[in-house]
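# A structural walkthrough
One-letter residues, chain by chain:
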Amino acid sequence: MPTTLEPGATDPGRIRNFCIIAHIDHGKSTLADRMLQITGVVDPRQMRAQYLDRMDIERERGITIKSQAVRLPWRVREGDQAGYDAVLNMIDTPGHVDFTYEVSRSLAACEGAVLLVDAAQGIEAQTLANLYLAMENDLTVIPILNKIDLPAAQPEKYAEELAHLIGCQPEDCLRVSGKTGEGVSHLLDEIVRQLPAPIGEADQPVRAMIFDSIYDVYRGVITYVRVIDGRIEARDRIKMMSTGAVHELLELGVISPEPKKAGAIGVGEVGYLMTGVKDVRQSRVGDTVTINSKPAKTALGGYKDPKPMVYSGLYPIDGSDYPNLRDALDKLKLNDAALHYEPETSAALGFGFRCGFLGLLHLEIIRERLERESGLELISTAPNVVYRVVLDDGSEITVTNPSEYPTGKVAHVFEPVVRATVLTPNDYVGSVMELCQGRRGTLRGMDYLSADRVELRYTLPMAEIIYDFFDQLKSRTKGYASLDYEPSGEQQAELVKVDILLHGEAVDAFSAIVHKDKAYNYGVSIAAKLRTLIPRQQFEVPIQAAIGSRIIARETIRAIRKDVLAKCYGGDITRKRKLLEKQKEGKKRMKMVGRVEVPQEAFIAALSTSDSPGEKGSGGRPSRQDK
Amino acid sequence: MPSTLPDGDPVPVDGSLPSGALASVGARGFGIYVHVPFCASRCGYCDFNTYTASELGGGGAQDSYADTVLAEVALAARVLDAVARPVDTVFFGGGTPTLLPPDDLGRILEAVNKAFGLAPDVEVTTEANPESVTPASLRRLRSAGFNRISLGMQSVAPHVLALLDRRHTPGRAAAAAIEARAAGFDHVNLDLIYGTPGESGQDFADSLGAAVAAGVDHVSAYSLIVEDGTRFAARVRRGEIPAPDDDVAADRYLAADEALSAAGFAWYEVSNWARSPTAACRHNLLYWRGGDWWGFGPGAHSHIGGVRWWNVKHPSAYAGRLAAGGTPAHAREVLAEADRRVEDVMLRLRLAEGLALESLAPSGLVAAADAVGSGLLSVAEYERGRAVLTLRGRLLADAVVRALLP
Ligand SMILES: Nc1nc2c(ncn2[C@@H]2O[C@H](COP(=O)(O)OP(=O)(O)O)[C@@H](O)[C@H]2O)c(=O)[nH]1
Ligand SMILES: C[S@@+](CC[C@H](N)C(=O)[O-])C[C@H]1O[C@@H](n2cnc3c(N)ncnc32)[C@H](O)[C@@H]1O
Ligand code: SF4
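Because the structure is a prediction, the values reported are computed rather than measured.

Take the overall build of chain B next. Looking only at helices and strands, one finds 16 helices and 14 strands in chain B. The proportion of buried residues among the 406 residues of chain B is 52%. Residue pairs at least 24 apart in sequence account for 74% of intrachain contacts in chain B once pairs closer than 6 positions are excluded.

Structure, rendered in structure tokens:
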């Protein structure tokens, strides 16, 4: 029988599934495009347009363009396998620290990973974390040094580093340039030679793992799967094993790099499914797809419900935008199974939503999209993690909002912790350790990746890294350190709730749960900030920070004594009236807290973790990481 | 640097007004303002529309200024022909009007008289800088028909006068006031500025004392405002001088009210005190009461029957417009009913006579009751059906206005 490389008929022995692990800007997209070109799935003339096109969308839509899986036919060019026909599936991994789980599912769909490192930069923390993830998943790793065409490239140095990390020889690191194409065809050959072929049971009931699920306005949800066992056919009705939901299959196909309908996909293959469902929650990453008429008995392992780790209240600055905010969240939810929200009312901020996110970056992406795509102006309250509180009577509550924190009766509190990895030039090790210790971190280990680069591993309370940790890390290391972290259970801690009282009234938006040793600092700093942010009122306004009924800090905003223009301004009454109208407009943008008028800006500035007022977003932001 | 003008609607080239505006001209009084946009030098804090001779490229503009204004007077006479009525008040402001020869000022006044007639009890004021007048010039002004003079004293503290770039010596303003009375002026005012950085409480007390001792029947006291675009603002921005402090200004205001009250003055407007009701500046009152007036000169503002307009700012643009036979108006706005109500509250509340509670909207009435409760409006006046600021209320007048308006 002649070799066929058609979907649904390809011998699993000829298939190689791989992903590329890389830090942002190390050249993954460029390399991927070069692969498309060399394997002939796009011709060079299309290439440029295609490339630019995608850049635009990525720029425009940022992180939302997530995984793709491209099917690339490849005939080995050199070595003893020359002439051998294979099918490569290149699976993209989503990009950053908040989506560790999604990355792990992409990795689980592969047998191998290309570890791509910029030969002029060396490996970064997030890449390292994903590399560890790949090694835990038993993937075969092919280390490559990219951008070797750069004069600043130091392939020897970084080959040592990589070899040390993976446990291979420096000469095992391939050298490529996505830009010039050098080494790329050799890399493709090596993928065929080194990576294991997928193994599965062709005659067993279908089990396929969802590694990505995206919502498209025109076509509904598009689900990307990797078939482990059996064979999905275009006419099948599919079933989601976590929920039992059954869907008609409207279309099945592979991406190469345009979507191509196919009749079937079998063991080891990667493809997309369209069922017409409108919400990614009905087709969740990590879930197992089977066939309704002949269902599998057990699902593939590893499925997890995405659980929010960080909560924040989102409020429209203009209260009348509340319905718009709800619509916008409803829309985003279609494409984001990890986004949780429910209505919430704040005495200070009015109607809004308590939102749960995978992490700070996720929060920031959502917030930015809401503002940009729906034209909303939002206030987000200080992000907090989820606490498990055990009360004196043994009952237990989960606190996702400081205002729900019980007063008294608390026996134990547990806070989530993360395992954090920091890579830093060794000059800054002391400074980084000082930072981590100040954040209640416990050092788990330290390794020299090379003579001048150190990997520090810490366990840290998650609450401590969502508060300007990343900014601090960057500023202490002149921007050289990189950070990665993943949730790692919980620990008991001595925590207290600090309330901020304005003119005797607690302002719920400013309440925070903090470690008891830091309560005083928090209270003092927020009270001092508010004193400068809230304009003087006609009466004196005390600002207090309190734990329960105990006042731990106090500031006073003195009463305003003069608010009149006492100048001779002759006849220009028009100007005076316009000024008055402007002042009245400004007053409308004030939020009333009891009798105190608080400008929106005060909330925004007081809640932002960075000290520079007006800076957007919540300071502790891990930059966009590997894609 | 002179401040900028508001935006507005275009004005017909003949300066004509919508017919509605002419219906009740003068119902709340009819005044004339004459702007004289010249100063010997510019004080660092000042953003009035005024220019030095060197800025204007020589004294030519000053020499021909009176004639230029006469052209606008003629235009006003045409526009108001059907409704013309005698003028209640005339006010020459600046700038420094007394930089022009008294005869020039007299000629303008005479033209106004010819065009509209002056009421028998007309009040005719000129502003003057203390160093710009002499006993002789004051006598000539008096005989030209001026009966009130307002002198920019600002302070008697030498370091304050220096920081304000004033050209006169500490004693000159009081001396000029005495000379004015000797020349036969019925009413004399001294302007004070308080809250200048570096001015002590005693400095200001001395200034108040000197003003009272000069025997004037009117004092204006203004808190120093740092106006955008002025040299003073730039110095504050560069940190060379501290910004004036609002709490200090409040203290000074209280001190002014106390000292002036003790000397027999009473406030009739937030920044103005008079020794008797007849000493109050009627031209000023006309502004606050929403009266009609025509403002002559570059950058001058006018208000006739609910139409506000303002002339082009620069003296040469102004002269050019008139030479071409058209209006020098830059733009205007026709006040909507709602605007008029806003202005009414905004302006009248500054006066000691206050405003009738019935002129407030329901929400304003609630706010007025609140303001009485927090001591910003007088209880006694409230019971009489009027909203009148208390002493503390005067210091927070803008806040009260905002509260009373919907
Ligand atoms: N000199 C050189 N530049 C490269 C190479 N590969 C990528 N780049 C450049 O590196 C930058 C980041 O590349 P990109 O593919 O977008 O990185 P990604 O963020 O990892 O997808 C771009 O400016 C590329 O032009 C390479 O092999 N050599
Ligand atoms: C139109 S000015 C002209 C008076 C006259 N040229 C003089 O300076 O003597 C009238 C008064 O406004 C006051 N004034 C001017 N600029 C001021 C400012 N920036 N802040 C407070 N008062 C000001 C001064 O008291 C001044 O005397
Ligand atoms: S003299 Fe009067 S008008 Fe002239 S610049 Fe000084 S304050 Fe302004």
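Another aspect to go through is the interface of chain A and chain B. At the interface, 22 residues of chain A touch 35 residues of chain B. Looking at the side of chain A that touches chain B residue by residue, the class counts come to six nonpolar, five polar and eleven charged.

Lining the immediate surroundings of ligand 2 are 18 residues, of which C568 of chain A together with G152, D191, Y222 and I225 of chain B lie closest. The environment around ligand 2 is built from residues contributed by chains A and B. Counting residues per element, the ones that place at least two in the shell around ligand 2 are β2 (87-94), β4 (148-154) and β5 (187-194) of chain B. Across the shell around ligand 2, the residue classes break down as eight nonpolar, six polar and four charged.

Right, let's get into the sheet that holds strand β8 (residues 220-229) of chain A. Residue and element names in this part refer to chain A. Here we have eight strands laid out as an open sheet, ordered β11-β10-β16-β7-β8-β15-β12-β13, and antiparallel in their pairing. The outermost strands of the open sheet, each flanked by one partner alone, are β11 (246-248) and β13 (259-261). The sheet shows a mean angle of 40 degrees between the axes of neighbouring strands, direction not considered. Pairing of strand β7 (residues 207-216) with strand β16 (residues 288-291), which is carried by two bridges, proceeds in the antiparallel orientation. The partner of M209 across the bridge, within β16, is T288.

Within a sheet, neighbouring strands are paired by backbone hydrogen bonds and run either parallel or antiparallel to one another. All names here are of chain A. Read across the sheet, six strands follow the order β2-β3-β1-β4-β5-β6 without closing on themselves; strand pairing throughout is mixed. Of all strands in the sheet, those bounded by a partner on one side alone are β2 (69-75) and β6 (174-175). Pairing of strand β4 (residues 112-118) with strand β5 (residues 140-146), which is carried by seven bridges, proceeds in the parallel orientation. Paired with L116 across the two strands is I144, which belongs to β5. In the packing of helix α1 (residues 28-38) onto the sheet, contacts are made with β1 (15-21), β2, β3 (85-91), β4 and β5, and the angle to β1 comes to roughly 155 degrees.

Further remarks concern unusual backbone geometry. For the bond running from G94 of chain B to G95 of chain B, omega is 10 degrees, close enough to zero to count as cis. Relative to the assigned elements, G95 of chain B resides in the loop between β2 and α3 (102-116). Residue D138 of chain A is not a glycine yet carries a positive backbone phi of 60 degrees. The residue D138 of chain A is located in the loop between α4 (125-136) and β5 in this model. One non-glycine residue with positive phi stands out, namely Q154 of chain B, at about 70 degrees. Tracing the backbone shows Q154 of chain B in strand β4. Q154 of chain B gets classed as buried once you count the C-beta atoms within 10 Å, which come to 26.

The next point concerns the site of ligand 1. The full set close to ligand 1 counts 16 residues, and G27, K28, S29, T30 and K179 of chain A are the nearest of them. Per-class residue counts for the shell around ligand 1 are three nonpolar, seven polar and six charged.

For the rest of this paragraph, the subject is the pairing of β2 of chain B. Residue and element names in this part refer to chain B. Within β2, eight of the eight residues are buried, which leaves it mostly tucked inside the rest of the structure. Examined bridge by bridge, strand β1 (residues 30-36) and β2 share six bridges and lie parallel to one another. The residue of β2 that forms the bridge with Y33 is F91. Pairing between β2 and strand β3 (residues 118-128): five bridges, direction parallel. Counted as the bridge partner of V87 is L118 from β3. On the question of chirality, the crossover connecting β2 to the parallel β3 by way of α3 is right-handed.

Rules used in this analysis
Residues numbered from 1 in each chain as written. Chains lettered and ligands numbered in written order. Predicted model: local features only at pLDDT ≥ 70, side-chain atom pairs only at ≥ 80, totals over all residues. Helix = DSSP H or I, 4+ residues; strand = E, 2+ residues; numbered from the N terminus. Buried ≥ 20, exposed ≤ 12 C-beta atoms within 10 Å, placed from the backbone. Contact = placed C-beta atoms within 7 Å. Nonpolar A, V, L, I, M, F, W, Y, C, P; charged D, E, K, R; others polar. Near = placed C-beta within 6 Å. Pairing = 2+ DSSP bridges. Axes fitted to C-alpha atoms, helices over the stretch in contact; angles between N-to-C directions. Right-handed = clockwise from strand over helix to strand, strands pointing away.

It is worth stressing that arrangement in space is one thing and function is another; only the former is reported here.
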